[in-house]
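So the chains spell out like this:
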Amino acid sequence: MKMDSVSRRLFLKQLSVAGAGAIVYSARNAEGLSIAKAADPQATTAQTSSVLNKEAATRAQRMAWWHEAKFGMFIHWGLYSVVGQHEWAMEAEGIPILQYELLAKHFQPKPNAAREWARLARRAGQKYMVMTTKHHEGFCHFDSKLTDYCATRQGPGRDLVREFVDAARAEGLRVGFYYSLMDWHHPDGVRCKTDEGARKRFVEYSHGLIRELMTNYGKIDVLWYDVDWPMTAEQWEAERMNQMVFELQPEIIVNNRNGLEGDFSTPEQEIEAAEKGRAWETCMTMNDSWGYNRGDDGWKTAKTIVSNLASCAQGGGNYLLNIGPKPDGSVPVESVEILETVGKWLDTNGKSIYGTERGSFSWNPNANYTRRGATLYIHQQYWPGGSPAAEWLPFFQPATVLAIGGLKTKVKSVRLLKTGQNVPFTQDEFSLRLTALPSQAPDHPTTVFEVECEDEPVIDHNAIRSQWPRYKVGIGEELSK
Ligand code: GLC
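Being a predicted model, the structure only gives us computed values, none of them experimental. (Residues numbered from 1 in each chain as written. Predicted model: local features only at pLDDT ≥ 70, side-chain atom pairs only at ≥ 80, totals over all residues.)

Draft legend 1. Summary view of the overall build of the protein chain. Helices and strands together make up the secondary structure of the protein chain, namely 18 helices and 17 strands. Buried positions account for 44% of the 481 residues belonging to the protein chain. Across the protein chain, every contact between residues at least 6 apart in sequence was considered, and the portion connecting residues at least 24 apart equals 73%. (Helix = DSSP H or I, 4+ residues; strand = E, 2+ residues; numbered from the N terminus. Buried ≥ 20, exposed ≤ 12 C-beta atoms within 10 Å, placed from the backbone. Contact = placed C-beta atoms within 7 Å.)

Right, here's the structure in full:
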């Protein structure tokens, strides 16, 4: 969503070259038009609203698996992977289209690379995969009747979307398609904004490609639109787009990046819960690039990833974590290591993530919280103890003590998820204290406590600020004792 940085003049100049490009855009896109042709405008509006109402009505049921899943794998893979300098290379470096097209010939991934991704996703505890079927560069990873700029007719010589779908299914994972509406390659991709003829052609082309994706690969679980620049939802005929999608895939989930609300919001590179009742998914890179970027060494740690996953779950959201495979399809070793560490942690602690619900919790500098019903999970990132204060303050005895201020619900029992051991605790109106803990964290990158409460756990340490008994200002009796 970095369109602010786009120089539109350069953009236009480049695309006017594309008109003469070697890649053929076929006129055989009648399929994509069938809905529009069939109906008069009034009937279309009525039909469209009924489909959108139905979409809202079936949402909870369609999204049940997705809410349970919490963790997915995003895959950015394209011609830009051959360059290896971020997926925006074409525009960010101003590569002429006719040169960029040569990459399509040199993109020759090893067979079934997607199986490697799917196995990795399963080991990592991810429950669904979303792959770029066409990114902004315009190259289609699938077999298309509408363009020759596609995997089957270029270097790969085979349908990479088919391989992806088969791989995900073989590992028992749900299947999602990323699709960029913005297209830097198609001759109408910019002039569609101002030229009605171009708009019609480009909308037919785009709807046609989406129709192919929704028709040729069996049941698809997620459609993940991206960047709708340069047109409005009306110009994209986005309602008709979704209508077609739901007719072909009645159980699918769609995001909000085609100008419509869709089923879920898509905060990017940040964790920000949507308003209550609205589904959301944070998508994030493991380093700083979505596409393979040889020089990008800004890797997050597994600890950060685990913490982000828990933060998303805390707010009732999902976490879609990206890999940027190399041109041959292999996954950078750093990503593999991070995902395997996260997967091992989930083997023990998955209960504290999958199927959890949005909670009402205050900020904690050392931990995240998740919950399911009346069970609270404390994800302790930074282990307490080792402080001289433990000698002097009864509060911190018997050491090591982990305290949570502002828990409003009565606790029945506490245990460590890693070992299953029960943990001694005390509780008063201000604080829950877990006591006599080991001096070193029992689990890595984060230790999780399962806390059974009498009711839905609510944590609000702001509330204790006003209730706390305050003593004298300055040196008073309590301190001088
Ligand atoms: C942005 C970027 C794009 C990436 C996407 C993922 O829209 O343009 O490169 O695919 O975010 O959310």
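Draft legend 2. Spatial organisation of helix α14 (residues 302–314). The end-to-end C-alpha separation of α14 is 18 Å, in line with the 18 Å expected for 13 residues at 1.5 Å each. Residues A302, I305, V306, L309, A310, C312, A313 and Q314 constitute the buried set of α14. Remark: G316 follows α14 within two positions and exhibits a positive phi of approximately 80 degrees. (Expected span 1.5 Å × (residues − 1).)

Draft legend 3. Local environment of the packing of helix α9 (residues 113–124) against helix α15 (residues 333–349). Between α9 and α15, whose axes approach to 7 Å, the crossing angle comes to 35 degrees. In contact with L120, R123 and A124 of α9, α15 contributes V336, L339, E340, V342 and G343. The residue makeup of the contact of α9 with α15, split by class, is five nonpolar, one polar and two charged. (Axes fitted to C-alpha atoms, helices over the stretch in contact; angles between N-to-C directions. Nonpolar A, V, L, I, M, F, W, Y, C, P; charged D, E, K, R; others polar.)

Draft legend 4. Focus on helix α10 (residues 160–170). Where α10 is concerned, the buried positions are L160, V161, E163, F164, V165, A167 and A168. On its buried face, α10 sits against α9, β2 (128–134) and β3 (174–180). Just past α10, the residue G172 takes up positive phi, approximately 75 degrees.

Draft legend 5. Structural detail: the sheet that holds strand β16 (residues 447–453). Within the open sheet, the four strands sit side by side as β10-β11-β16-β13. Their pairing is antiparallel. The strands lining the two open edges of the sheet, one partner per strand, are β10 (367–372) and β13 (411–416). Geometrically, the sheet is characterised by an average inter-axis angle of 20 degrees between neighbouring strands, direction not taken into account. (Pairing = 2+ DSSP bridges.)

Draft legend 6. Broad picture of the sheet that holds strand β1 (residues 71–75). Strand order in this open sheet of eight strands is β5-β4-β3-β2-β1-β8-β7-β6, and the pairing throughout is parallel. Each having just a single partner strand, β5 (253–254) and β6 (264–265) make up the two edges of the open sheet.

Draft legend 7. Structural detail: the packing of helix α11 (residues 196–215) against helix α13 (residues 238–248). Running from N to C, α11 and α13 point in directions that differ by 15 degrees, and their axes come no closer than 10 Å. Classified by the angle between their axes, α11 and α13 sit roughly parallel to one another. Viewed along their axes, α11 and α13 form a crossing whose handedness is right-handed. The residues of α13 that touch α11, namely those facing H207, I210, R211, M214 and T215, are M241, M244, V245 and L248. When its residues are assigned to classes, the contact of α11 with α13 shows six nonpolar, two polar and one charged. (Parallel < 35°, antiparallel > 145°, perpendicular 65-115°, else oblique. Left-handed = near helix turned anticlockwise from the far one by under 90°.)

Draft legend 8. A look at the confidence of the model for the protein chain. Averaged over the protein chain, the pLDDT score is 90; the fraction of residues at 70 or greater is 87%. In this model residues 26–44 is a low-confidence stretch, pLDDT under 50, and it forms 23 contacts with partners more than four residues away in sequence or in other chains. (pLDDT = per-residue confidence, 0-100.)

Draft legend 9. Spotlight on the nonpolar core. Counting residues in each nonpolar core, the largest one holds 96 residues, and the members touching the most others are I75, W117, M129, V130, L223, L309 and V342. Look past the residues within four positions of I75 in its chain and what remains in contact with it is W117, M129, V130, M131, T132, I323 and P325. Within the second largest apolar cluster, 21 residues are counted, among which are A367, V401, L402 and V448. (Core = buried A, V, L, I, M, F, W, Y, C linked by C-beta atoms within 7 Å.)

Draft legend 10. View of the pairing of β2. Within β2, seven of the seven residues are buried, leaving the element largely enclosed by the surrounding structure. Relative to β2, β1 runs parallel, the two sharing four bridges. The residue of β2 that forms the bridge with I75 is M131. Inspection of the sheet shows β2 paired to β3 by six bridges, in the parallel sense. Note on β3: the bridge partner recorded for V130 is G176. For the crossover from β2 across α10 to β3, the handedness is right-handed. (Right-handed = clockwise from strand over helix to strand, strands pointing away.)

Draft legend 11. Spatial organisation of the pairing of β3. A large share of β3 lies buried, amounting to six of its seven residues. Bridging between β3 and strand β4 (residues 222–226) involves five bridges; their strand directions are parallel. By the bridge assignment, S180 is partnered in β4 with D226. Tracing the backbone out of β3, into α11 and back to the parallel element β4 gives a crossover that is right-handed.

Draft legend 12. Main features of the environment of S352. Position of S352 relative to the elements: it lies in the loop between α15 and β9 (360–361). Once the C-alpha coordinates of S352 and A310 are considered, the two residues, 42 residues apart in sequence, prove to be 8.3 Å apart. When neighbours within four sequence positions are excluded, S352 is seen to be in contact with T370, Y377, H379, L417 and V448.

Draft legend 13. Geometry of unusual backbone geometry. Cis geometry marks the peptide bond from W229 to P230, where omega comes out at 10 degrees. Inspection of the secondary structure assignment puts P230 in the loop between β4 and α12 (233–236). In this model, H86 sits at a positive phi of 90 degrees, which is unusual for a non-glycine residue. Its place among the elements puts H86 in the loop between α5 (80–83) and α6 (89–92).

Draft legend 14. Seen up close, the environment of L346. Secondary-structure assignment places L346 in helix α15. By the C-beta count within 10 Å, which is 21 here, L346 ends up buried. Residue contacts for L346: discarding those within four places in its chain leaves G125 and I353.

Draft legend 15. A look at the environment of E87. Note that E87 resides in the loop between α5 and α6. E87 sits in the buried class, given 25 other C-beta atoms within 10 Å.

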